[in-house]
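Residue-level listing of the chains:
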Amino acid sequence: MTDAPSLSSSGRLLSVGADAGALPLPRVGEGERAAVQSGIITTSLEKVINWGRYSSLWPALFGLACCAIEMMGTGAARFDMARFGCEVFRASPRQADVMIVSGRVSQKMAPVLRQIYDQMPEPKWVISMGACASSGGMFNNYAIIQGVDKVVPVDVFIPGCPPRPEALLDAVVKLQQKIAASHLPSWRG
Ligand code: SF4
């Protein structure tokens, strides 16, 4: 039976018990793995919070055009987005923290897209998937928004028409790296 993890009085020492080496730790390096096997981990609260955030990205169920077909393919078994903790597409923006803008954004759709973004709780991130979402693509006309960053802040842009599922997975990993390197606002005011 595994001992319950505990923090020291300084809040920096985490004891995880003698058989902690059996814990699945797929996203850590050899140094961290050796530390777990020795029974002691030191880390910061910021890293733990970021780890939780980037390990469970939930995209909003939201597609605009042909790029959405590639997004759906990314969630299917062949590409298995679940490996990255990112397959639980949510039908409610209240339960989502990633918006994948997959397809061209029309002038008519832009306020809807913005409303969905506003309904997502903080912290939240945006991936712009494909040439159309990122720049208007081939649709250089008055009906299409020439880049979704005019409507919502974008964290990762994906080029291509359409981008392959591997490109979306690469964007997810880049977003995870960005979240892992982010800093919490100061709690001291
Ligand atoms: S980038 Fe290509 S595949 Fe994606 S929405 Fe535009 S035309 Fe369709």
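Scoring rules and cut-offs
- Residue numbers restart at each chain and count upward from 1, following the sequence in its written direction.
- With pLDDT at 70 or above as the cut-off, local features in this predicted model cover only qualifying residues; side-chain atom pairs require 80 or more to be listed or tallied, and sums for whole chains, interfaces and linings still use all residues.
- For the side-chain quantities, the full set of heavy atoms in the structure was used; hydrogens and water were omitted.
- Here a helix means four or more residues in a row that DSSP labels H or I, a strand means two or more in a row labelled E, and each is numbered from the N terminus.
- In what follows, a contact means two residues having at least one pair of non-hydrogen atoms within 4.5 Å.
- Only residues whose relative accessible area exceeds 30% and that take part in no salt bridge are eligible for patches, with like-charged residues grouped when within 9 Å of each other and nonpolar side chains (Val, Leu, Ile, Met, Phe, Trp, Tyr) grouped when within 5 Å.
- Shrake-Rupley sampling with a 1.4 Å probe provides the accessible areas, and residues are treated as covered by the protein chains on show and by no other component.
- What counts as a salt bridge is simple: a side-chain nitrogen of Lys or Arg found within 4 Å of a carboxyl oxygen of Asp or Glu.
- Only protein chains enter the accessibility calculation, which uses a 1.4 Å probe; a residue whose area is less than 20% of its type maximum is buried, one above 50% is exposed, and one in between is partly exposed.
- A molecule or strand has a residue near it when one of that residue's heavy atoms lies within 4 Å.
- Under the convention adopted here, Pro, Cys and the residues Ala, Val, Leu, Ile, Met, Phe, Trp and Tyr are nonpolar, Asp, Glu, Lys and Arg are charged, and Gly plus all remaining residues are polar.
- For a helix, the expected span equals 1.5 Å multiplied by the residue count minus one.
- To be clear, the arc concerns the directions from the helix axis to the C-beta atoms.
- By nonpolar core is meant a set of buried Ala, Val, Leu, Ile, Met, Phe, Trp, Tyr and Cys residues that side-chain atoms within 4.5 Å join together.

Attention shifts here to the overall build of the chain. Scanning the chain from N- to C-terminus turns up six helices and six strands. When the helices and strands of the chain are listed from N to C terminus, the series reads β-β-α-β-α-α-β-α-β-α-β-α. For the chain, the proportion of contacts with a sequence separation of at least 24, taken over those separated by at least 6, is 73%.

Taken together, the side chains of L45, V48 and W51 define a hydrophobic patch exposed on the protein surface, amounting to about 300 Å² of accessible area. Turning to its location among the elements, V48 is positioned in helix α2 (residues 45-54). Take V48: its relative accessible area is 41%, and that puts it in the partly exposed class.

Here the focus is the site of the ligand. Around the ligand sit A65, C66, C67, G103, R104, A131, C132, M138, G160, C161 and P162, and those are all the residues in its vicinity. Counted by class, the shell around the ligand contains eight nonpolar, two polar and one charged residues.

With that out of the way, let us pick up the pattern of salt bridges. Throughout the structure, instances matching the rule amount to four salt bridges. Here E166 makes a salt bridge to R164, at a shortest N to O gap of 3.4 Å. Of the residues examined, R164 reaches a relative accessible area of 47% and is grouped as partly exposed. For D170, the salt bridge identified is with K174, shortest N-O distance 2.8 Å. With a gap of four residues between them, D170 and K174 both fall in helix α6 (residues 165-180), about one helical turn apart. Classification of D170 by relative accessible area gives partly exposed; the value is 39%.

A few words on the environment of A180. Its location among the elements puts A180 in helix α6. Take A180: its relative accessible area is 37%, and that puts it in the partly exposed class. Taking C-alpha positions, A180 is 9.6 Å from S55, a pair spaced 125 residues apart along the chain.

What follows covers α6. Between its first and last C-alpha atoms α6 spans 23 Å; for 16 residues at 1.5 Å apiece the expected length is 22 Å, and the two agree. Those residues of α6 that fall on the buried side of the exposure criterion are P165, L168, L169, A171, V172, L175, Q176 and I179. Along the axis of α6, the buried residues cluster in a sector spanning 155°; they form a single face. Packing partners of the buried residues in α6 comprise α2, α3 (67-75), β4 (98-102), β5 (125-129) and β6 (156-158).

Right, let's get into unusual backbone geometry. Of the consecutive residues E122 and P123, the connecting peptide bond is found in the cis state with omega at -5°. The topology assignment puts P123 in the loop between α4 (110-119) and β5. Cis geometry is found at the peptide bond from C161 to P162, where omega equals -15°. Among the secondary structure elements, P162 is positioned in the loop between β6 and α6.

Let's shift gears to the nonpolar core. Counting 21 residues, the largest nonpolar core has L57, I100, I127, L168 and L175 as the members making the most contacts within it. Among the secondary structure elements, those contributing two or more residues to this core are α3, β4, β5, β6 and α6. The leading source of residues in this core is α6, at six residues. The residues contacting I100, other than those within four sequence positions of it, are P59, F62, M71, M81, F89, I127, M129 and L168. Core analysis: the next-biggest nonpolar cluster, separate from the first, contains 18 residues, L113, Y117, M120 and I145 among them.

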